[in-house]
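# Structural description and commentary
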Amino acid sequence: MTACHYLPAPMTTLTVTSAELRAIPFFENFPEENLWHLAKRMRVASFDAGGVLFREGEPRKLFGILTSGSVAIEKGPEGRAEQLATLGKGEAIGEGLLLDDTRHGTSARALEPTVLAFVSSEDVQKIINERPTLYAALVARAARAISQRLRAADATLAGRGREVGFGGGGRRIERDLLGDREVPDEAMYGIQTLRALENFPITGIAMREFPALVVALAAVKEAAALANAELGLLDQSVCDVIVGAAREIRSGRHHEHFLVDMIQGGAGTSSNMNANEVIANRALELLGKHRGEYQSVHPNNHVNLSQSTNDVYPTAVKLALHASIDLLKTALADLARAFLAKGEEFSPYIKMGRTQLQDAVPMTLGQEFAAFGHTILEDVDRLGETQALIREINMGATAIGTGINAPRGYTEIVRQQLVAVTGLQLVTAPDLVEATADTGVFVQLSGVLKRCAVKLSKICNDLRLLSSGPRAGFAEINLPPMQPGSSIMPGKVNPVIPEVMNQVCFDVIGGDATVTMAAEAGQLQLNVFEPVIAFRLLGNIQTLVNGCSVLREKCVDGITANPDRMRWFVENSIGIVTALVPIIGFEKASEIAKTALETGGNVYDLVCDGGLMTREALDTLLNPTAMTAPLEG
């Protein structure tokens, strides 16, 4: 992630003017003299997409106003942080600096190229000392901004075990088939999302927890708006604000308002309506109107025009899966490369191979680890093959595949628009009735994920066996010690990273059964259980990505070998007689093995003392460079 840098002239000045500040709502009714003094101290910084404005736990160093772009407020470790809110042009950030000297409780990350007008903590201290009236005015507005943000955050906590409106705030009346309901003014969603929050408190995992799905829904809505405008069904001004709202969501904004539970009744209608309502309300704001004024931009009449949940939702799920698979392929490839690197590192170390947990024939530890890497790479290829199937969509099918309420030409135009929006080479299913009812591609993907999980779990089993001990087990390798392993046994360290990866894999394997049953349970022209399919597939991919990263970073990269231990096993194993068969014959080799077993003797000594081979020749035969199936990079 990039840090901020001051913008050089002539792109912008290093300060802002009082006129520029006056146009920002935060400074409404601010005295001109205060604006002038504040503008003198403000500087401008830019952040690339992904740039960090501040990090959780850091001292507060700035207070600023976003003059362009957008920022996500997040909590949690970098890379796995939860998005709490997003801020856009004209909104204040870091206003806590004006109130106290506590450290940041959240992080702020630019979602797109962003420009910030700011004052530093040193500037704030000077304002306190030199212009206390200016400081008091800033504090008052900071308190108001924080209060508004808390009310907005309250609206995004709805459905998590309590009623909306815990923090107060205004209400608007919205109406649907079942009647009127009050919706918090701060909510970007609407009445149908509110009903879904009440009806489906199932997993506690909201759609916002799967950003790829939120982004995919926005992409579908953007493409549909563009197609409808091209066909003359949607006024261009309405299309423009729908597209603008959808693009904000695709950049990462407003995800906190996608709150419906991932498991829901209705074949995904609640997810679709959540997207329709958020986009409609944000589009209204872009028109300068209030949320809920749906006569100008309506969730159904405009955002959902020429669509049905039954083509929108499966298409969005496929787009989300496609993007998520890219992440999994990268995580698997990185893990495979880590194993292959260990294969190179461990190539000089001879050890005993084992079959059925019994001594088999000599090999190198490098060969064992290289095999782990190569088997993982096979699954990267299988995932890529599945992605090709996922790129078949049913947009234009509407309710059951007949295309009812979609105009002639819409199916091809919306596909073209979606290709342009996503950059994916999407194809329309040749039979939309079949495509709307069929979930076979999800079953196929689930099977590939199960294959990945089975193989990864087997590898983790091997790592645990090879590291068992440290005195009474194999102890051929050492896993990085991550934490004490017992509340009662001093000195015990467990293989916790392979263990957690095993559990990830068990969960994925169980998820495959869920997907299988949900796909089988579809009836007639629609499978209403696609929400649980999406939940399991997206969740399985997410946990596999996280698991692969943890396994690589906290285990594989730090594995070390015990070559003396492995060599001792080889020299004292009966299994090395197999390598002697081409030289001394099967019968002689069998006699050596029998004698070693009966007397407890060493095969090395029996062969050499019996004059069958010299120790030098035996050492040469068992040299790692003489092992078959040499390592490849």
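What counts as what
- Residues numbered from 1 in each chain as written.
- Predicted model: local features only at pLDDT ≥ 70, side-chain atom pairs only at ≥ 80, totals over all residues.
- Heavy atoms only, no water.
- Axes fitted to C-alpha atoms, helices over the stretch in contact; angles between N-to-C directions.
- Helix = DSSP H or I, 4+ residues; strand = E, 2+ residues; numbered from the N terminus.
- Parallel < 35°, antiparallel > 145°, perpendicular 65-115°, else oblique.
- Left-handed = near helix turned anticlockwise from the far one by under 90°.
- Contact = heavy atoms within 4.5 Å.
- Phe/Tyr/Trp six-rings, centres within 6.5 Å; stacked < 30°, edge-to-face > 60°.
- Buried < 20%, exposed > 50% of the residue type's maximum accessible area, 1.4 Å probe, protein only.
- Lys NZ or Arg CZ within 6 Å of the ring centre and 35° of its normal.
- Disulfide = S-S within 2.5 Å.
- pLDDT = per-residue confidence, 0-100.
- Salt bridge = Lys/Arg side-chain N within 4 Å of Asp/Glu carboxyl O.
- Expected span 1.5 Å × (residues − 1).
- Arc of directions from axis to C-beta.
- Patch = residues over 30% accessible without salt bridge, like charges linked within 9 Å, V, L, I, M, F, W, Y side chains within 5 Å.
- Areas by Shrake-Rupley, 256 points an atom, 1.4 Å probe, with all protein chains shown as cover.

## Considerations on the packing of helix 6 (residues 211-230) against helix 12 (residues 410-422)
- Two elements in contact, helix 6 and helix 12, have axes separated by 8 Å at closest approach and are oriented at 130°. Considered as vectors, helix 6 and helix 12 are oriented oblique to each other. Relative to helix 12, the crossing made by helix 6 is right-handed. On helix 12, the residues that touch Ala219, Val220, Glu222, Ala223, Ala224, Leu226, Ala227, Asn228 and Glu230 of helix 6 are Tyr410, Ile413, Val414, Gln417, Leu418, Val421 and Thr422.

## A look at the packing of aromatic side chains
- Scanning the entire structure with this criterion turns up 10 aromatic pairs.
- Note on Phe27 and Phe30: the rings are 5.4 Å apart at their centroids and 75° apart in plane angle, and the pair reads as edge-to-face. Here Phe27 and Phe30 have matching classes, each one buried.
- Seen in terms of ring centroids, Phe346 and Tyr349 are 6.2 Å apart; in terms of plane orientation they differ by 35°. Their pairing is tilted.
- We classify Phe346 as buried; its relative accessible area is 0%.
- Three or more aromatic residues joined by ring pairs make a cluster, and in this case those are Phe339, Phe346, Tyr349, Phe369 and Phe372.
- Positioned above the aromatic ring of Phe474 is the side chain of Arg354, whose terminal nitrogen or guanidinium carbon lies 4.2 Å from the ring centre.
- The aromatic ring of Phe569 is capped on one face by Arg354, whose charged end is 5.5 Å from the ring centroid.

## Focus: the state of the cysteines
- One pass over the structure, following the stated rule, counts zero disulfides.
- With no disulfide partner, Cys505 has as its closest neighbouring cysteine sulfur the one in Cys460, 6.1 Å distant.
- Given the relative accessible area of 0%, Cys505 is considered buried.

## Focus on the confidence of the model for the chain
- Of the residues in the chain, 93% have a pLDDT of 70 or more, and the chain-wide mean is 88.
- Per-residue pLDDT stays below 50 along residues 1-13; that stretch engages in 27 contacts with residues further than four places along the chain or on separate chains.
- For residues 629-633, every residue scores under 50 in pLDDT, and the model assigns this stretch 12 contacts once sequence neighbours within four places are set aside.

## Section: the pattern of salt bridges
- Within the structure shown, the criterion is met by 33 salt bridges.
- The shortest N-O distance in the salt bridge between Glu345 and Lys342 comes to 3.1 Å. With Glu345 and Lys342 both in helix 10 (residues 309-345) and three residues apart, the pair spans about one turn of that helix.
- Relative accessible area serves as the criterion here: at 41%, Glu345 is assigned to the partly exposed category.
- Linking Arg615 and Asp605 is a salt bridge whose minimum nitrogen-to-oxygen distance equals 2.9 Å. Here the residue Arg615 occupies a position in helix 21 (residues 615-621), and Asp605 occupies one in helix 20 (residues 603-609), the gap between them amounting to 10 residues.
- Classification of Arg615 as partly exposed rests on a relative accessible area of 36%.
- The class of Asp605 is partly exposed, set by a relative accessible area of 34%.

## Points about helix 19 (residues 586-599)
- Taking 1.5 Å per residue, 14 residues should reach 20 Å; helix 19 reaches 20 Å between its end C-alpha atoms and fits that length.
- Buried within helix 19 we find Ala589, Ile592, Ala593 and Ala596. The buried residues of helix 19 all sit within an arc of 95° when viewed along its axis, so they share a single face. Turned more than 90 degrees away from the buried face of helix 19 sit Glu587, Lys594, Glu598 and Thr599, all of them exposed.
- Where helix 19 is buried, its residues touch helix 18 (577-584) and helix 20.
- Once helix 19 ends, the next one or two residues include Gly600, with phi positive near 75°.

## Regarding a nonpolar patch on the surface
- Side chains of Val454, Phe506 and Ile509 sit close together on the surface and give an oily, nonpolar patch of about 260 Å² of accessible area.
- Structurally, Phe506 can be placed in helix 15 (residues 496-520).

## Let's talk about unusual backbone geometry
- Of the consecutive residues Gly469 and Pro470, the connecting peptide bond is found in the cis state with omega at 10°.
- Mapped onto the fold, Pro470 is located in the loop between helix 14 (440-466) and strand 16 (477-478).
- Unlike most non-glycine residues, Ala267 shows phi in positive territory, near 65°.
- Here Ala267 shows up in the loop between helix 7 (236-250) and helix 8 (269-286).

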